[in-house]
Amino acid sequence: MQRKFYDKQPFIVSVIFTFFALLLSSCMNRSSEPIAVPKEERALIRYVASEYSTETKPLLEKLVKEFERKNPLIDVELQVANWDILDGIYTTMISKNQPPDLLNTNVYAHFAQDGLLNHLDEIISPELAGKLYPNLVEMDQMNGVQYAIPYVATTRNLYYNKDLFQRAGIAAPPATWSELEQAASKIKALGEAEGFGVDLTDNETQASLSYVFYGSGGEWIKDGKWNINSETNIEGLTFLKELFDKGLTDPEPTVTTRDEKQRILGVGELAMMISGNYFTSVVPKEFPELKWGKGPIPVKDGTPPITFGVHDVLVSFKTDHTNKEALSTFLDFLYDDRAYEEMIKREGFLPATTTVGVRLSEQDEVMKSDLEALSKAKFYPVKEPSWQAVLDYARKMGDAVLFEHTTPKAALDQLQLFAETKSNQLNNRK
């Protein structure tokens, strides 16, 4: 028995070795097959940004380069456009079915109604959503959907040349229309400068109308309906035309823009104008010798003071390559406190985030008061889908009212009719 066992042992060992050899060969063959590597998916974000100043483009270019370095699978195509050509750029992109993934603009409702926009509440991170000012966020919602998010904001105020005021014997900035007329008359009598700068160019006609609408106790919309040709609004536009007819405004309200008027004020040829917070950083930088002051927007005598605010937004168009995760990552980077605070300071805006707002308010009492005013301010009717069309139509009013003998009432009647017609057309398309 013992011998028989040893006689079979070589055979058994041979079988075992053969089995393991075959098993090893099988494993080696399997391991030699190429292993599929997960494919890296690249994301593209076409970002069209508005040019606020000479600071805008270099700031954003720096930010985009830093973002792409930290997120190598996300490409950001940045285009910075002046406000004068911004509408034409994104309109052309939309017509070619290549809309921007991200657009910095001041309108959104008509895009939302046409179904062109992504829902930003499905894109932005909870962290970003939680630090945006609620009153601004609410203005960018329609039917509970977040179609836009606030990017920057301003409040508007009267800015004036202190030296001119002193020489004209004006003790304080005018708070009422009668005081504004008196101050402009005193400036005119000096023979050195124009009194009150009025911007009725394509960029700011809607703002100048808002100053006199709200300043007379009127509004753009009342009880959900357009109220453009109300008696109070007509009174406001009539006052503006009378100032012009009396030679108390600058001579070219429909030609020189707000930015150009700021420079005219800076060199001492204009006494006062209404502008935004950016005045305080942009103008003194260009004209360091200028002594300037700040006052309220003048209102009709007997009318309560007003605060008027403007905010710009970011919207995201639906595209054939929309990548919500990439967009969320980029928006977090764009609103990162460090980078966002730098932009706010250099451009002279009010922040749309509470984190930066609180920090800057602790450093600057003016910022604190401006943000408090912003929380109570009146704004454009940006939720109305026909607002963009009304805004465009209003741009034609300056020359008609000032030079073509169209009465303020006739002009506002026409704008009211246009607004109602456009709103009905849009509602019928639903």
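Summarised in this report is the structure supplied together with it.

The subject of this paragraph is the side chain of Q388. The residue Q388 is located in helix α17 (residues 387–394) in this model. On the basis of relative accessibility, which here comes to 11%, the residue Q388 falls in the buried class. Other than its neighbours up to four places away in sequence, Q388 contacts D87, Y90, V107 and H110.

In this structure, T406 sits in the loop between α18 (397–402) and α19 (408–428). The residues contacting T406, other than those within four sequence positions of it, are A400, V401, A411 and Q414.

Further remarks concern the pairing of strand β2 (residues 74–82). Across a regular strand the side chains alternate sides, sitting on one face of the sheet and then on the other. Looking at chain direction, strand β1 (residues 43–51) and β2 are connected through nine bridges and run parallel. Residue E51 lies in a different strand from β2, and its bridge partner there is N82. Each parallel crossover has a hand, and for β1 linked through helix α2 (residues 56–70) to β2 it is right-handed.

Looking now at the environment of E55. Topologically, E55 is positioned in the loop between β1 and α2. As for E55 and A352, which are separated by 297 residues in sequence, their C-alpha atoms are 19 Å apart. Beyond its immediate chain neighbours, meaning those up to four positions away, E55 contacts K285, R346 and E347. Separated by 3.4 Å, the side chains of E55 and K285 make a polar contact.

Quick notes on the rules
Residues numbered from 1 in each chain as written. Predicted model: local features only at pLDDT ≥ 70, side-chain atom pairs only at ≥ 80, totals over all residues. Heavy atoms only, no water. Helix = DSSP H or I, 4+ residues; strand = E, 2+ residues; numbered from the N terminus. Buried < 20%, exposed > 50% of the residue type's maximum accessible area, 1.4 Å probe, protein only. Contact = heavy atoms within 4.5 Å. Pairing = 2+ DSSP bridges. Right-handed = clockwise from strand over helix to strand, strands pointing away. Polar contact = N/O pair within 3.5 Å; in protein donor to acceptor, adjacent residues only side chain to side chain.

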